[in-house]
Amino acid sequence: MFESNHARYASYGTVAALPGEMIDAVWQIIDDDLQGLFPLANLLTFKLHNNQGQTTFEYVQTDDDQEVTLRAGFDTQFGYAPELPATVLAYDDGDSQIILLPSETAEH
């Protein structure tokens with residue numbers, strides 16, 4: 001899952017809500033910080049937090065009962081704004097990958 005040589009996209013909602021550099025940061029976190037260190041499911045959850053005016057991406061892994069089993073925070077140089085989405089998701093269907101908002105999932 002989440003191999004960098006697969007096609008990668010961002011949903012319309014994500015592009016409207018996050019600057020391109022922040023979208024790129026999610027892919028970089030996956031490639032440089034998560035891949036190979038943690039077993040990755042096909043759906044990843046990132047919470048965005050205000051950390052002294054900067055944005056922190058918090059990777060949150062849950063089990064089948066939706067209990068949190070792992071949290072890992074990644075500080076960025078991006079300024080935090082309250083209009084940023086609280087959560088972004090990354091989904092890998094085996095052929096391509098997309099970053100999207102929870103409201104854009106079929107479960108919503």
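Residues numbered from 1 in each chain as written. Predicted model: local features only at pLDDT ≥ 70, side-chain atom pairs only at ≥ 80, totals over all residues. Heavy atoms only, no water.

Draft legend 1. Structural detail: the packing of aromatic side chains. According to the stated counting rule, one finds two aromatic pairs in the structure shown. Relative to tyrosine 59, the ring of phenylalanine 38 lies with its centre 6.3 Å away and its plane at 35 degrees, an arrangement referred to as tilted. Taken together, the residues phenylalanine 38 in the loop between helix 2 (20-34) and strand 2 (43-51) and tyrosine 59 in strand 3 (residues 54-62) connect sequence positions 21 residues apart. The class for phenylalanine 38 is partly exposed, based on a relative accessible area of 25%. We classify tyrosine 59 as buried; its relative accessible area is 2%. With a centroid separation of 5.8 Å and 45 degrees between ring planes, the pair formed by phenylalanine 46 and tyrosine 59 is classed as tilted. Of the two residues, phenylalanine 46 sits in strand 2 while tyrosine 59 sits in strand 3, which places them 13 residues apart along the sequence. Each member of the pair, phenylalanine 46 as well as tyrosine 59, carries the same accessibility label: buried. (Phe/Tyr/Trp six-rings, centres within 6.5 Å; stacked < 30°, edge-to-face > 60°. Helix = DSSP H or I, 4+ residues; strand = E, 2+ residues; numbered from the N terminus. Buried < 20%, exposed > 50% of the residue type's maximum accessible area, 1.4 Å probe, protein only.)

Draft legend 2. View of the nonpolar core. Within the largest apolar cluster, 25 residues are counted, with the highest numbers of intra-cluster contacts made by Ile30, Leu34, Leu44, Phe46, Phe57, Tyr59 and Val88. Of all the elements in the fold, those that place two or more residues in this core are helix 2, strand 2, strand 3, strand 4 (68-79) and strand 5 (87-92). If you tally residues by element for this core, the top one is helix 2, at eight residues. Those residues within four positions of leucine 44 in sequence are excluded, and the remaining contacts are Phe2, Ile30, Tyr59, Val88, Leu89 and Ala90. (Core = buried A, V, L, I, M, F, W, Y, C linked by side-chain atoms within 4.5 Å. Contact = heavy atoms within 4.5 Å.)

Draft legend 3. Examining the pairing of strand 3 more closely. Taken across its nine residues, strand 3 has seven buried, putting it largely inside the fold. Bridge analysis of strand 2 against strand 3 gives seven bridges, and the strand direction is antiparallel. Each bridged residue has a counterpart across the sheet, and for threonine 45 the counterpart in strand 3 is valine 60. Between strand 2 and the antiparallel strand that follows it, strand 3, lie two residues; glutamine 52 among them carries a positive phi value of about 55 degrees. Two strands pair when backbone bridges link them, and strand 3 and strand 4 are joined in this way by eight bridges, in the antiparallel orientation. Paired with threonine 56 across the strands is aspartate 75, a residue of strand 4. Where strand 3 folds back onto strand 4 in an antiparallel hairpin, the turn is made up of five residues, including glutamine 66, whose phi is positive at roughly 65 degrees. (Pairing = 2+ DSSP bridges.)

Draft legend 4. How the structure looks around unusual backbone geometry. Although it is not a glycine, phenylalanine 2 adopts a positive phi angle of roughly 60 degrees. Within the secondary structure, phenylalanine 2 sits in the segment before strand 1 (7-10). Under the relative-accessibility criterion, phenylalanine 2 is labelled buried at 0%. Positive phi, close to 55 degrees, is recorded for glutamine 52, a residue that is not glycine. With respect to the helices and strands, the residue glutamine 52 is situated in the loop between strand 2 and strand 3.

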